[in-house]
Structure formats: structure tokens, C-alpha cells
Amino acid sequence: MDLSMLKPESLMMSHGYKPELSEGAIKCPIFQTSTFVFKNAEEGKAFFEVAYGLREKEESEELGLIYSRLNNPDLEILENRLTLWDKAEDCAVFESGMSAITTVFLQFLNPGDLLLYSQPVYGGTSHFIEEILTRFGIHILPFDASMSEEQVLDTLDKSGMKDKLAMVYAETPANPTNALIDLQMCKRIADAHTTDEREVLVAIDNTYMGPLWQHPLVHGADLVLYSATKYIGGHSDVIAGACLGSKQLMDQVKAMRTFLGNMAGPWTGWLLMRSLETLKARMNIQESNAKKVAQFLENHPKVETVYYLGNITDPNQKRIFDQQCEGTGAMVSFDLKGSEAEAFRFLNSLKLMKLAVSLGSTESLAEHPATMTHAGVPPEDQEKYNISSKLVRLSIGVENENDIIWDIEQALASV
């Protein structure tokens, strides 16, 4: 039987791992080592030739282990398994989501280039784009989900820098409002500005949907990025990031990772392999629970607006959802009738849900974006993208759905 025909959730248990190489251990051990011993000098030479791109790996040749900054069994097996969900050729895992994002920017953007990026994005990403990249002579141009393709192109034309466009970067759904960016539109814009001398790449942060509910590579993205801390890790006990794409692009990402030194270590790799085995089961429960929570909030008199992918009313947003999303996710944000005081009273009254940033974990979390994850976003942008003082963001976990709703209900009663 060709095991590659099995579904990813089945392959997560064993793909890429050979027990006979690890004393028959059913699970991949933690290879907590900095360096690896060569059988002989000739083997060491051959390994380095491939690792440094001096020659291509032969068809039957396996890339040998050299040094854990270059490769490690826990990291390689994890990366092989992660490619299955997104149908990617290759994957690189990092010690944080921001490591993955910044490495991609540093590898593919040069002084004078233009980055076209969606808003709102995660606060850390926003800061790096607007405060760090610009220090190195990289131009930036924002767009958002309310803009049509024609409006984005018009903005690009008016910038006078469309011939400098090097990357279209989008985070979709947007954090924290679930606004959707059209992936195929991003690809059309990139293709329209690609020349023989310059390929415009599309990079998508897919953290909000995880590897289950949206697959950007299928819709034309060149690179897909994750904070693997979230759904992939899923237990609030590891910080990690991932980037996936073609072998050709990932070779470049991995080369930059080698010299920045921000690859994930063996303990991180082992924890993520542990988590991948239950990824689909966890995300299915979270999605189901989120549907019930959103329905409850929609009908509550103290709730003004609910931001949830399962109740989209805007025709264009619904078109994008039907086109590229394979689930409604587990993120629910809502506006309370009131302001910061009411939002804080709600958050301070929760008993089951935890008041903490992050998302995608087994426990349900609640936070206040305007003063927490998006505190660094300029006030005018907060207002523009509905990140108001009355907005609360929920990441729904795997607890009993009725218990989650009970907790939200009793907290709303205190407002």
C-alpha cells in the first residue's frame, strides 16, 4: 500500500520517522545535541557539499546530519509532517512566528523594494513592517479588506512605486476582526507586476485559520506563514513559527535561517510533533464550540456586533469566504454595548476562560485588542479597522460548549 495516499491526520503519527534508527522507539526521541558524528571524512565532505549548495543532492541520497543549526532529526521530521496539511514542497520551522515572518522579509526584500501589505495585521508584524523595514530603505504601502481590486491597483499606481513591488503580504482573516483578504486577488496583483527581472511573491500569514481551515498555497500564494505557537502547538507550552512553500523558495528561506540562527530547537520540534497528532481533533472541537458561542452572542442584548466567519453578511466577504475558506474557525470577536470600562468588567468577571493573549490553544482565552495585542497600532488605524475600546477577542478552546457559554453569560451579567 502507498502510505502517501493516507490523510494527513493519519500520517501525523509516523510520517518521516524510522523507529529502527532510534532503538525501535515508537515516538521520535528528543535529539538534544549540538553536533553529529561523521562516519568518515568523505561523508562529512559530501554532507557539507549539499548543505552549502555546492552540488545538488543525488536522487537516492539522504541529507546527512551535520549540526543542529543546520539540521536535526526532530526538526526535519516535523517539517516533513507540516508539509502534508498545506500540500507544500518544503517547510522551515522557527523559534517563533515573528522569526518566520521577519526571516521571509529579510530574505526577499531589499532596499528600494515596495511591500504591499494588508491591514490590520498582528501588532508585532505591524511594528516590524512600519518601524523596522522602513529603516532599511524598504517602502511600504497598506491596503485593507474594504478595498476592491481596482482600488488596490489604483493605490499602487498612485504610489509611483509599482515597478518596485517585490511582495504582497496579507494576514487573512484579519486579527482581530476576521476581515477576509482575497488570496486570488493578491496573486493577480503579484502576477501583473512580475517581470523577467523581478518576481513578485505572495506571502500569507495563515495563523488565524491554522493548517486545517484555509490553504493559501492552493489559491496562488508562494509562501504561507504560521505562528506555530497557536493551533499547531495548541497547548500554550511552546513558542514556534513555520514557513512553507516551494523547494526553490524554501531553500532561500532556510539559508537565511541558518545565518540568522533562529531555527527551532529539538525540544520545540518534539513538542510540535506531539501536538500534530491531535491537531485535527482539537480544531474540530474548537470550531464546533465557536459556532455555539457566536450564536449565543448574536442573540445577547448587551452585545452590539459579532465578528465571526460563520455569520458574514457582506456579499463580497461571503464570496471570498466561499472561495478560499474550508471552515469557520474558532476566533470570535464582539463589540459590547459600552466602552473600555464595560469590556474590562466583562474580562475581569470570567471564571473559566483565561484572560491572556495568544489563540488556538486547548483552553479558551479572552483579551482586549485595543490595549493589549494591538496597543501599538496608531489610534486612527484602530478606529478605521474597528479595533475599538469595546471590542473583546475570544479564542475558543476544547472545553464543554455549555460551560464556555455559561462563563460568557455570567460575565456579561456583570456589565
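To start, this report covers the structure provided alongside it. As the structure is a computational prediction, the values presented were derived from the model and not from experiment. (Residues numbered from 1 in each chain as written. Predicted model: local features only at pLDDT ≥ 70, side-chain atom pairs only at ≥ 80, totals over all residues. Heavy atoms only, no water.)

The next thing to look at is unusual backbone geometry. In the segment running from Q119 into P120, the intervening peptide bond is cis, with an omega of -5 degrees. Among the secondary structure elements, P120 is positioned in the loop between β2 (114-119) and α5 (123-132). A positive phi angle, near 55 degrees, is found at K87, a position not held by glycine. Take K87: it is sitting in the loop between α3 (73-86) and β1 (90-94). The residue N178 is not glycine, and still its phi comes out positive at about 65 degrees. (Helix = DSSP H or I, 4+ residues; strand = E, 2+ residues; numbered from the N terminus.)

What follows is about the pairing of strand β7 (residues 241-245). The buried fraction of β7 is high, at 5 of 5 residues. Side chains G241, C243 and G245 project from β7 onto one buried face, and the interleaved A242 and L244 project onto a second face that is buried too. By the bridge criterion, 5 bridges tie β1 to β7 in an arrangement that is antiparallel. Within β7, the residue paired with C91 across the bridge is L244. Note: strand β6 (residues 223-227) against β7, 5 bridges, orientation antiparallel. Looking at β7, one finds that Y226 is bridged to A242. (Buried < 20%, exposed > 50% of the residue type's maximum accessible area, 1.4 Å probe, protein only. Pairing = 2+ DSSP bridges.)

A separate point is the sheet that holds β1. Taken in spatial order, the 7 strands make up an open sheet running β1-β7-β6-β5-β4-β2-β3, and their pairing is mixed. On the outer flanks of this sheet lie β1 and β3 (139-144), each paired with one strand and no other. Averaged over all pairs of adjacent strands, the angle between strand axes in this sheet comes to 20 degrees, irrespective of strand direction. Alignment of β2 against strand β4 (residues 165-171), held across 4 bridges, turns out to be parallel. Among the inter-strand pairings, L116 is bridged to a residue of β4, identified as V168. The strands touched by α3 are β1, β6 and β7; relative to β1, the strand with the most contacts, the crossing angle is about 125 degrees. (Axes fitted to C-alpha atoms, helices over the stretch in contact; angles between N-to-C directions. Contact = heavy atoms within 4.5 Å.)

Bringing α3 into the picture now. Along α3, 11 of the 14 residues are buried, which leaves the element largely enclosed by surrounding structure. The distance from a side-chain oxygen at the start of α3 to the backbone nitrogen of D74 is 2.9 Å, and the residue carrying that oxygen is N72. Count one or two residues on from α3 and you reach K87, which has phi positive near 55 degrees. (Polar contact = N/O pair within 3.5 Å; in protein donor to acceptor, adjacent residues only side chain to side chain.)

Within a sheet, neighbouring strands are paired by backbone hydrogen bonds and run either parallel or antiparallel to one another. With mixed pairing, 5 strands are arranged side by side in an open sheet as β8-β9-β12-β11-β10. This sheet does not close on itself; its edge strands, each paired only once, are β8 (303-307) and β10 (354-355). Relative to strand β12 (residues 391-395), strand β11 (residues 365-367) runs antiparallel, the two being bridged by 3 bridges. Bridge pairing in β12 links L365 to S395. Sheet strands in contact with helix α12 (residues 279-298) are β8, β9 (331-336) and β12, and its direction is about 15 degrees off that of β9.

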